[in-house]
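Structural overview for review
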Amino acid sequence: MGDDSEWMKLPIEEKCTHKVWRARLTGYEEVTKLFAGITDEKSPEFSKYAGLLKKFVTDNNAVAQEKALDAVLVFIENAGIANKTAGEVVSAVIAKCLNVSRQKTKEKGIEIIMMYIEVEKADVVQECLIQGLENKQPKIVVGCVQCLRMALRDFSNKIMPIKPLMKFLPKLLEDRDKNVREETKLLVIEIHRWIGPALKPMMTNFKPLQVSELEAEFEKQPKEKPHQQRFMKSQQDLKAKMEEQAAEGGGGAGDDGDEEEDAVDAYEMMPEVDILSQLPKDYYDKVEAKKWQERKEVLEALQKLTDSPRIANGDFGGLVKTLIKVVGKDTNVMLVSVGAKCMAGLANGLRKKYAPYSLYTIQVILEKFKEKKQTVVVPLREAADAAFVGTTLDAISEDLVAALDNKNPSIKGETAYFLTRCFARSTLGTLPKKLLKLFCASLLKTCNDTVPDVRERSYEALGMAMKVVSEKHVAPFLVDVDAIKMQKIQECCQAAVLLTMYGEPRSGGAAAAPKPKKEEPKPVQRPSTAPAKSTSASSKPAASKGGPAKKKVPAKAAAKGKDKKGGAGEGSNEFTENVLSDDAVEEKATAVLSTETVAQLASSNWKERLAGMEKIATTLKSLSKDEIPCQALLRTLCKKPGLKDTNFQVLKIRVEVAGFLAKNAKFSRVSAEYCLSDLVDKAGDVKNGAAVQETLSCIAEALSLDFVGREVMKLASEQKNPKNNSECMNWLGNAIKEFGFKINAKPLVVQIKKSFGATNPAIRTSAINLVGVMYLYMGQAVRTCFEDEKAALLQQIDAEIEKVKGEKPPAPTRGPIVPAGGEDADEEDEEAGETEESNMADLIPRNDVGEKFTPELMAEMADKNWKIRKESLEKVAAILNEAKFIKANLGPLPESIKIRLGDSNKVLVNMTIAICLTLANNMGHHCKHHIRVIGPALIGCFGDSKPALRAAAVGALNAWVEQCNLVPLVEVEAILDAMRLENPNLRQELLGWLTEKLPNHKQLPPEFKQCVPLLLNCLEDRNGDVRKKAQEALLPFMVHVGFESMFKATSKMKPGSKDTIMALIEKAKANLPAKPQKAKKAAAPVKASSPESYDEPDTGKPSRPLSTASQDSVPDSKPAAGKTARGKAKSAPATSKKKKEEEDLGPPMNTTVPKEQRFKDEKNMKVLKWNFIEVRGEYIEQLRTQMEKNFSKTMIDLLFHSDFKCHTKAIETLIKCMESQHDATMVNLDIILKWFTVRFFDTNPSMLNKALEYLRLLFTMLTEEDYHLVEYEATSFIPYLIIKVGDSKDGVRRDVRVLFKLLHKVYPASKTFSYLIDGLKSKNTKQRMECLEELGSLIEAYGITICQPSPGQALKTISGQIGNRDNGVRNAALNATVVAHTILGDNLYKYTGPLNDKDQDLLDERIKRSLKNKSAQPQKAQEESRPKTAPQQPQRSASQATIQRPGTAIPKSASSNSVKKFAIEIEDDRTSQPEIPKLIQYDLDEIFQPVKLPPTINRNRPPSPSLRMAKSTDAATTISMVISQITSADITLCIQALAQIDEVLKEEGRAEVMVNHVDQLLLSVSMQLKMVYSTHMGSKSTPKDNVIRLYRCLLGTLLALFQNPSLSAKASKDILKDLINNLVTILLDNRLVELEEGAQVVRSVNVMVVKIVEKADHTSIMSALIRLLQDCVASEICSGKFLELIMKCLWKIVRMLPEIINDINLDCILLDIHMFMTAFPGSTWKSRPNDLPIRTIRTILHSISKLQGAAILNHMTMIDGNSEMRSYLSKILKFTGAQNGGMEEEDSRAQRGSAQKQKRLTKSTHDMLAVIFKKIGSKENTKEGLNDLYDFKKKYPDADLEPFLKKSSQFFQTYIERGLNSIEQEREGKQPTSETGYTKTDIQVISNPATSESTEEPNVYRQRLRVLRARCGLDNIEEPNNTESSKPEIQDTDTAMITDVPPTSAPPDDPPASMTSTSSADFSELKMRLERIKRLANS
């Protein structure tokens, strides 16, 4: 103790150096506190201890050393002199801390090293650590490598350079110590994270095995770019910036704009090699030697040296001279090749340092290009490319031009090719106009060269130049190029790929695809813990922005475009997986859980289930996320009893485990589907409801609230328990508060409205509460969604809204949040907010009032009498007040309001301002379409002398600006023009208003700067109020325009005023806030447009023209109506005549702005929609603005000239451009059509004729190109073409009719129909008449389904025109209605509705006349009679035509109405009457003949136009149009349509586009089959070869469709029912047998039926067949054969049941069977002659119950109450249970015996048997297979062959047994009876066991005998013993289905009397009976 007291009195400094470790420990603790308490980093206290730090870290006592390290850390953090101690302290730490066993000491030592990097000593630290790599202690080496890796990870490769480390890596990777090697691998992986592929060239010194291991690790690393995590003291600004980005949603990422700058060049990382010192000493002598071998020797030695990636600089002049001499003069081509390779290696190794020698190298190479050998040319090319890095195009331009003029074609071709590569590495700056002109002139000459290679190389060079500088800059030099050459140049331009200077693909080049690919995975890798603020931005597609696209836009659009609405973007990184099979689920579950645990879950004892669940919960907690098989465990959890467990304790753990899986495993939507239904069912549970709701929230967190919310609401609405429904809505309300409003509002509103109608009050209360939650996020918009509810309910909703009014929505607390990365996150936040508001506003139903503002009303508003004007304003106000919420369409109202706002009557002005206020409130965000017109007029009202009127104008303008912003007013210069007016009232009101609006407004466009001089003038205004407001406005203006703009504006002021104003500006500057980050970003688009100033490099222009030019050059910029033209007029600089000539020489059109961009602008409402009644100025101005970017100035002047002659010249030019500028015509098609719609309003006949001629040529060209009009093109053209069809001139109308015919070939006729219907609203009688005639022709050509929006509405509109006073309109309406009558018959009146008597009489008269004209034609011969074997149509849907069903068909059920939207009507032949079928003579020998398969049908179809479905922008419309042609009565047109569909179905990739058209296609094919049967087969005018051909095409299309599993599964049951109906009808058509190839068609139809039964969705086809069977039984005229074939199809399915039982929806099947048995109870079958249908149905039930057992009763959820089917199932289950009980003992005994006798097959033996049986089944290898089987049985005598044999027929089994016996006899030396015991015919039969079984068994012969006797009119004699129950089946071959035996019903209903078989019947007796029947038939 005495010693302690002695050293405790010592000063701290001495304690730290004391020999007693306790003293040092205390000293270290005290000095740590001392350092922490010093605030001044320059304190002298730090200097006292600086020299002791090394002793601190090297303390011998481990405990004291830890405290010493703490002191050193605090010292480094606080002391200013810490960096001076870096070297010695870091070395000491490496020596004494990195090798210790105490982990804390080691960690603190590493932290000290990191801290020294923070204090700017990274170089010293790296040097010390590199020295430590050579230490002999492995622990120190491991620590140094670890420190290097951590430093690189945390501080980036800029702070910790990688290059010094590279030379140590190979040695470290081969170190003896394993830890050193492993840590070095981690360091290499970290290096790869930072420099990426640049590392691979430096791995050449690594061993191959190491390289492969490392590359495998590289692939596993995430693709996201690494970012710096720790910062040095000098980087605090960067740290703050990155933290700010992280807070705003950037995820802490750096600027992606610096990505290219950050990219590491592998060249810079390579060590430099001094090759000059390594040159052979006799190099210069030997390279001049006469012997080529000596020259070759030294050149090869030099080549090895020049292969070094990086060469040290030096004097290479002499060396290059020798190489130039070798390449230029050596006669040995081999040496020339080696010399060129040496040149290339030297240039690549030196790069820019090779510049002094580049020019000479390229000169000699250009001369040497005369060589034709590729072994020489290829190295020369590489050398030239490498040398170009060190020079410029300008320096070598003269040599290149001279080479292009050389006589040698090889030199010219290779020079052009070299020039192409040079252009690829150039930019706008390195390829100026002067050089471009020079090279283009030379290349144009070589384009005309006689050698093809030279021409092609020249085209490539010009195309590459066009790619680099854009087409518009090359076009002036290509004026004389003909169209063919220009097309080739443009093709080369499109294929061009831009390169960097070093030959790598450029990120912004032609192959710009690599950039999105690189960034594509980024959104998936973003952390889920980013701030919530970024969510709205992340769901905003980048495509919605205006301005130039930024770098990150493609990746953002790809990541976010999917979930724009409803915040579903949160699920963008959710996990996806496929559904596992049951076996896979069991395997994965048992891999994690024990088999015993899984078995406990299904135990009937709840305690065992509880124990099992507790084990599962414990097991899951010990597993990582990747180790948990989520889907498998969840499905195991949900197995019966699953989440419906009756014990609340077990249920609670089950629910909690489901939630745990959602939180801690990879949870997918597939997993959610297995549990959501059961969870919703327990949501209202008293004890576990809260746990269920928490689990739902966890699932929403794993997936997305949008998905889970939709599913839960859907399932809740189906719940019978009202508490579940209400609790689910309560959960959703709470979830919205927790997650934020990330759910699509529209379906939610619909669901809430349904809940309002619930009878249970709890559901209604929950729905009202949910409305209150939605109000927090949507505001008043949600109240508007329920306007149509009852008053009492609205009162409750308002009360709920009042509770939350004024509250802010809570911040989200959970949910997967995807941050918005990138530099424009703020802009995205703002735009996303605007879009969200727009989406909310779109929920409100709006009215279109545009048509109410008629020209008459507008004329009244402009009337001279103020009273009339007042009345008109009152009418407008009444219209707006009545409509409440209106769309953007106001017709001509805005222009009229603009005029009235300047009315001299102030009362009217006040009324107009009130209307403006109403408009703003009623239109919402749609105000932005009209603020450009109304806004300036409202600003003009600011100058009124009455304060009340000014205040009203301010209020109205505020309302407008709140709905949009100030940008449109700035763009139309409304503020600028207003400030120019010297009206004190206007100025003071405007400046005051701007002072209020500007501070919080987003950055305004550059045009706003033009207001600054006017603002400064207002500071000197005579009016004091104006001066005061101007002073107040200085600061808001400065926020937007900046101080510099204001300072420059003062330079033009008088000296006396300047000082005063500058003082005011300086005063305002002091209060200027920091420039927001968003303002910097807003300037980016202007910078992006700088390359467009290529033709105008002069920068000394005024600011106004510059801003205008920059805006005009940006394709994405918003066009401002009324501004662009004026801006150009003011800002256009004086141009010389030469420049004008250059502009005029250019092509009339170009493709600068693609039409997709214009479509996007119109979609995003950046431009006015092309919709007007009269042409207005803003539309003309907008069109001009759009066309100016893609048309030459001369062309624009012609197009928009006031003289019609100029218009005619423009049209002539356009006609020429159709050939010369075809691509440009296609790109500009939309604006060309718009321009012609404007011309339609002109009256000059010559110009109109020329316009219509152009349109005819244009549409002819489009037809030939198979082009389809895009929707935007059609909507802006067709309505105006329809207006023009009402022209008074007959010639114009005739030309328009021609255009209509052409239009139907490029645009769906169904959509044109809608426009024509709208055309009937016109007052122009000629227009209505022409529209009606066109409508009639469309109905006649395409059928009644062409009518849009529905046949009922269309025909009612057409028939309404019958009463028109105009004779032409009336006749056209009657004709169109009569056409419809010929299709619909009397059903027409169901569509038209009741007509007045006069109209009805006219229509009846016209119909009678048409029928007379029809009957007056020569009578056709009566059609061949058909058997009346199908029921008549009992009832049809009102929307379908009454078409007589074919003779063998049966009616559609009422349920088939579900397909009426695809219904395609056909004209049916009603003249034929069904007759009694005639007996047909059969050749009875045919049944003994082997069945031959029909030959493969090769259909030679006429060539069809190429179907651009995959490329078309409107593929769905194209497919629908082609499918509609299948129902055409024209066989050729139908076959062409089928050919096009076949082309799509053949290719797997393209076949996917048919997924949504399967029902439509099948219905069309079915209707065409019906038409062929009922019309073409009976028509003598139709060649039967065409009919057979059409049958083949239809069946071929069906076969192609049903061979595609994804398409065949899409067929619905109603469509399948109709299709099977028609196919079976054709199968029974006796007329086909008489045709030459008819029998093959019958076989093909049979095959097709079998295919449909096998390939279609099993539930759908089974349901369709049961319904078809029901309709057959119900019909009195359905033939027995038709009924029999339907039953055989069902028997086929019964045979398939064991394989497909799990794929069938048994609930639906049982419902259909229930409906059948309800319609035809069992008691009714006693009176029927044939009870096979009910026996078939009972067989189905018996088979299903046999497979499912008692579980079948769980599938009767869709059947209410007791039914006959339920009782029958109970009998079956009871019977099978008793039978099983009696046979249980015998079965168990048999099983034990078989288990002892046979062993289970292993996988290898099973595979061997499969191969053997495959051989036996083939015709060629039968004998070999039997021998292999015999050997197998010898080798494995205990093997069980039963699984393989039971699948085959008894015949096949017997054949194998006899074959084996024969082989046994052969091998034992006995003589077999025959080679295999069977004849050749038998073996042929064996290849198809099913066929042999169905053709060789005695029962089959009996069945055929019955059929033949029935056909001959003989009675069938039932044999008493033939009661054997045969398996139901349908024939699998191509023969007709006549050989199947009907099933007998299974017990217990009527058990068979005997189970004996009669298979031993005498065959000879059967044959004798058949012979008798044949003789009887022939007599």
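Okay, so let's go over this structure. (Residues numbered from 1 in each chain as written. Predicted model: local features only at pLDDT ≥ 70, side-chain atom pairs only at ≥ 80, totals over all residues. Heavy atoms only, no water.)

**Details of the overall build of the protein**
When helices and strands are counted, the protein shows 102 helices and 0 strands. Taking the intrachain contacts of the protein between residues at least 6 apart in sequence as the baseline, contacts between residues at least 24 apart amount to 74%. With an accessible surface of roughly 94,100 Å², the protein has 51% of that area assigned to carbon and sulfur atoms. (Helix = DSSP H or I, 4+ residues; strand = E, 2+ residues; numbered from the N terminus. Contact = heavy atoms within 4.5 Å. Areas by Shrake-Rupley, 256 points an atom, 1.4 Å probe, with all protein chains shown as cover.)

**Considering the environment of I189**
Among the structural elements, I189 can be located in helix 12 (residues 178-195). For the pair formed by I189 and Q221, sequence separation is 32 residues and the distance between their alpha carbons is 8.4 Å. When residues no more than four places from it in sequence are discounted, the contact partners of I189 are L214, E217, F218 and Q221.

**Digging into the packing of helix 57 (residues 1024-1041) against helix 58 (residues 1043-1050)**
Packing of helix 57 against helix 58 brings their axes to within 7 Å, and their N-to-C directions diverge by 110 degrees. Judged on the interaxial angle alone, helix 58 and helix 57 are roughly perpendicular. Touching L1034, F1037, M1038 and V1041 of helix 57 are F1043, S1045 and M1046, all from helix 58. Among the residues making up the contact of helix 57 with helix 58, the classes are represented as 6 nonpolar, 1 polar and no charged. (Axes fitted to C-alpha atoms, helices over the stretch in contact; angles between N-to-C directions. Parallel < 35°, antiparallel > 145°, perpendicular 65-115°, else oblique. Nonpolar A, V, L, I, M, F, W, Y, C, P; charged D, E, K, R; others polar.)

**Notes on helix 33 (residues 582-592)**
One turn of an α-helix holds 3.6 residues; hence residues three or four places apart share an orientation. For helix 33, the complete set of buried residues consists of A584, V585 and A589. Along the long axis of helix 33, the arc covered by the buried residues comes to 125 degrees, so they all point the same way. Structural note: helix 33 exposes D583, E587 and A591 on the side pointing more than 90 degrees away from its buried face. Of the surrounding elements, those touching the buried residues of helix 33 are helix 36 (630-638). (Buried < 20%, exposed > 50% of the residue type's maximum accessible area, 1.4 Å probe, protein only. Arc of directions from axis to C-beta.)

**Some points on the packing of helix 18 (residues 292-306) against helix 20 (residues 333-350)**
In the contact formed by helix 18 and helix 20, the axes pass within 9 Å of each other and the chain directions differ by 25 degrees. The pairing of helix 18 with helix 20 is recorded here as roughly parallel in orientation. The handedness of the crossing between helix 18 and helix 20 is left-handed. Counting all contacts with helix 18, which are made through W292, R295, K296, L299, E300, L302, Q303 and T306, the residues of helix 20 involved are M334, L335, V338, K341, C342, G345 and L346. Per-class residue counts for the contact of helix 18 with helix 20 are 8 nonpolar, 3 polar and 4 charged. (Left-handed = near helix turned anticlockwise from the far one by under 90°.)

**Quick look at unusual backbone geometry**
Each neighbour pair has its own omega, and for Q1348 with P1349 the value is 0 degrees, a cis peptide bond. Checked against the element boundaries, P1349 lands in the loop between helix 76 (1325-1342) and helix 77 (1351-1359). Of note in this structure, E120 is not a glycine but carries a positive phi near 75 degrees. Turning to its location among the elements, E120 is positioned in the loop between helix 8 (103-118) and helix 9 (122-132). In this structure E120 comes out as partly exposed when scored by relative accessible area, which is 35%. Positioned with a positive phi, S470 is a non-glycine residue whose angle comes to about 80 degrees. In this fold, S470 is placed in the loop between helix 26 (452-469) and helix 27 (471-474).

**Some words on a nonpolar patch on the surface**
A cluster of nonpolar side chains, V1175, F1241 and I1283, forms an exposed patch at the surface whose accessible area comes to about 210 Å². A relative accessible area of 31% places V1175 in the partly exposed class. (Patch = residues over 30% accessible without salt bridge, like charges linked within 9 Å, V, L, I, M, F, W, Y side chains within 5 Å. Salt bridge = Lys/Arg side-chain N within 4 Å of Asp/Glu carboxyl O.)

**Here we look at the environment of R1370**
One can find R1370 in helix 78 (residues 1367-1384). Linking R1370 and G1360, residues 10 residues apart in sequence, is a C-alpha distance of 9.5 Å. Sequence-distant contacts of R1370, that is, excluding residues within four places in its chain, are made with Q1361, I1362, N1364, R1365 and L1402.

**Some points on the nonpolar core**
In terms of nonpolar packing, the biggest core is built from 102 residues, with I1526, Y1591, F1602, L1623 and I1652 touching the most fellow members. The dominant element in this core, judged by the number of residues it contributes, is helix 91 (residues 1680-1700), at 13 residues. With residues near it in sequence (within four places) discarded, L1623 still touches L1569, L1595, L1598, V1645, M1648, V1649 and I1652. Grouped together as the second largest cluster of nonpolar side chains are 91 residues, I1344, V1379, L1384 and L1403 included. (Core = buried A, V, L, I, M, F, W, Y, C linked by side-chain atoms within 4.5 Å.)

**Overview of the packing of aromatic side chains**
By convention here, two paired aromatic rings are described through the distance between centres and the angle between planes. A complete count under the given rule lists 27 aromatic pairs for this structure. Look at F1172 and Y1179: their rings are 4.9 Å apart centre to centre, the planes differ by 50 degrees, and that puts the pair in the tilted class. Assessed through its relative accessible area of 6%, Y1179 is described here as buried. Above the plane of the ring of Y1573 lies R1631, whose end atom (NZ or CZ) is 5.0 Å from the centre. (Phe/Tyr/Trp six-rings, centres within 6.5 Å; stacked < 30°, edge-to-face > 60°. Lys NZ or Arg CZ within 6 Å of the ring centre and 35° of its normal.)

**Section: the side chain of T597**
Note on placement: T597 falls in helix 34 (residues 595-601). Residue T597 is classed as buried on the basis of its relative accessible area, which comes to 6%. A polar atom in the side chain of T597 sits 2.6 Å from the side chain of S594. Look past the residues within four positions of T597 in its chain and what remains in contact with it is G612, K615 and I616. (Polar contact = N/O pair within 3.5 Å; in protein donor to acceptor, adjacent residues only side chain to side chain.)

**Observations concerning the state of the cysteines**
By the definition in use, this model includes 0 disulfides. The thiol of C964 is unpaired, and the distance to the nearest cysteine sulfur, on C927, comes to 6.1 Å. Taking relative accessible area as the criterion, C964 reaches 18% and is therefore assigned buried. (Disulfide = S-S within 2.5 Å.)

**A short note on the pattern of salt bridges**
Per the counting criterion, the structure on display carries 64 salt bridges. Among the ionic pairs, R421 bridges to D385, the shortest N-O distance being 2.7 Å. With R421 in helix 24 (residues 409-424) and D385 in helix 22 (residues 374-388), the pair connects residues that are 36 residues apart, well separated along the chain. Per residue, the accessibility class of R421 equals that of D385, and both read buried.

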